[in-house]
Amino acid sequence: MATIILLKDITKTYHLEAIDVPVLKRVNLSIEQGEYVAIMGASGSGKSTLMNIIGCLDRPTSGEYFLAGINLTTLDDDELADIRNQYIGFVFQQFNLLPRLTSLANVMLPMIYADVDRSQRIEQATEALVQVGLSDRLQNSPNQLSGGQQQRVAIARALVNHPALVLADEPTGALDSQTSHEIMDLLTELNQQGTTIVIVTHDADVAARTKRVIRMLDGVIVENAQSIKN
């Protein structure tokens, strides 16, 4: 399998007035195409910073990051934005849907930035919503959907550009337990179809649904092992 994510000696230090605060300390990590991985850790462990770097939302202080074989360390902000839109789909805890847009229009948004023509945007967005079980909710706005349905729209939006990687940040954090199980079932099904998924979570039950669990503590990886249930 091809390596999707390769981190080499990644560090991240924030400069707060006269104080340097190291958040990541020489992190090394590889994730292969088709993997299903959870990154866990308490608040302040560095897991969110690591996710931001993997998602091209932040830059490391030092080290190298390769995504699908591309060395991102040398790219400028515009190039990183292009990589982010082309290679990565994001799923967030709070869904981040635009309230005045329909499900279809929300899912079409990433393709607008990718300069996809309108007819193709409609076709691909419809296919993505059908894929997540929302064929009957194309014209509904977010306030007409349940929390689980809104998260399904967000997952469809993440998938619509056929990214190499889906990053999910606490994807069940705003959902009740039954809906959380349904969303995790959907993510598991998508992974079985070949989608590479990395979930950042503090929930041990969510992490147990993945195939590999990476635990962070004080800016370093302290565990990198196959999930107990897999």
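Residues numbered from 1 in each chain as written. Predicted model: local features only at pLDDT ≥ 70, side-chain atom pairs only at ≥ 80, totals over all residues. Heavy atoms only, no water.

A. Structural detail: the overall build of the protein chain. On a plain count of helices and strands, the protein chain comes out with seven helices and 10 strands. Over its C-alpha atoms the protein chain spans a radius of gyration of 18 Å, differing by no more than 12% from the 17 Å that the globule rule assigns to 230 residues. Burial status across the protein chain gives 50% buried among its 230 residues. Taking as baseline every contact in the protein chain between residues at least 6 positions apart, the subset at least 24 positions apart corresponds to 67%. Distance between charge centroids for the protein chain: 3 Å, based on 18 positive and 27 negative side chains. (Helix = DSSP H or I, 4+ residues; strand = E, 2+ residues; numbered from the N terminus. Rg over C-alpha atoms; globule rule 2.2 N^0.38 Å. Buried < 20%, exposed > 50% of the residue type's maximum accessible area, 1.4 Å probe, protein only. Contact = heavy atoms within 4.5 Å. Lys, Arg positive; Asp, Glu negative; His and termini not counted. Charge placed at Lys NZ, Arg CZ, Asp CG, Glu CD.)

B. Representation of the pattern of salt bridges within the structure. Applying the stated criterion to the full structure yields seven salt bridges. Arg26 serves as the salt-bridge partner of Asp9, at 3.5 Å between the closest nitrogen and oxygen. With Asp9 in strand β1 (residues 3-16) and Arg26 in strand β2 (residues 19-32), this pair connects stretches of sequence that are 17 residues apart. According to the relative accessible area criterion, Asp9 is partly exposed, its value standing at 30%. What makes Arg26 exposed here is its relative accessible area of 56%. (Salt bridge = Lys/Arg side-chain N within 4 Å of Asp/Glu carboxyl O.)

C. Main features of the pairing of strand β8 (residues 197-201). Of all five residues that make up β8, five are buried, and the element is covered over most of its length. Side-chain alternation along β8 places Ile197, Ile199 and Thr201 on one buried face and Val198 and Val200 on a second face that is also buried. Pairing geometry for strand β7 (residues 165-169) and β8, over four bridges, is parallel. In the sheet register, Asp169 faces β8, and the bridge partner there is Val200. Taken together, β7, helix α6 (residues 177-192) and β8 form a β-α-β motif whose crossover is right-handed. (Pairing = 2+ DSSP bridges. Right-handed = clockwise from strand over helix to strand, strands pointing away.)

D. Representation of helix α1 (residues 47-54). Among the eight residues that make up α1, six are buried, leaving the element largely enclosed by the rest of the structure. Among the residues of α1, those classed as buried are Lys47, Thr49, Leu50, Met51, Ile53 and Ile54.

E. Layout of the nonpolar core. Counting residues in each nonpolar core, the largest one holds 34 residues, and the members touching the most others are Val107, Leu129, Ile155, Leu187 and Ile199. It is helix α5 (residues 147-159) that contributes the most residues to this core, six residues altogether. With near-sequence residues (within four places) excluded, Leu187 lies in contact with Tyr36, Ile155, Pro171, Ile197 and Ile199. The next biggest cluster of nonpolar side chains, apart from the first, holds 30 residues, and it includes Ile10, Leu29, Ile88 and Met216. (Core = buried A, V, L, I, M, F, W, Y, C linked by side-chain atoms within 4.5 Å.)

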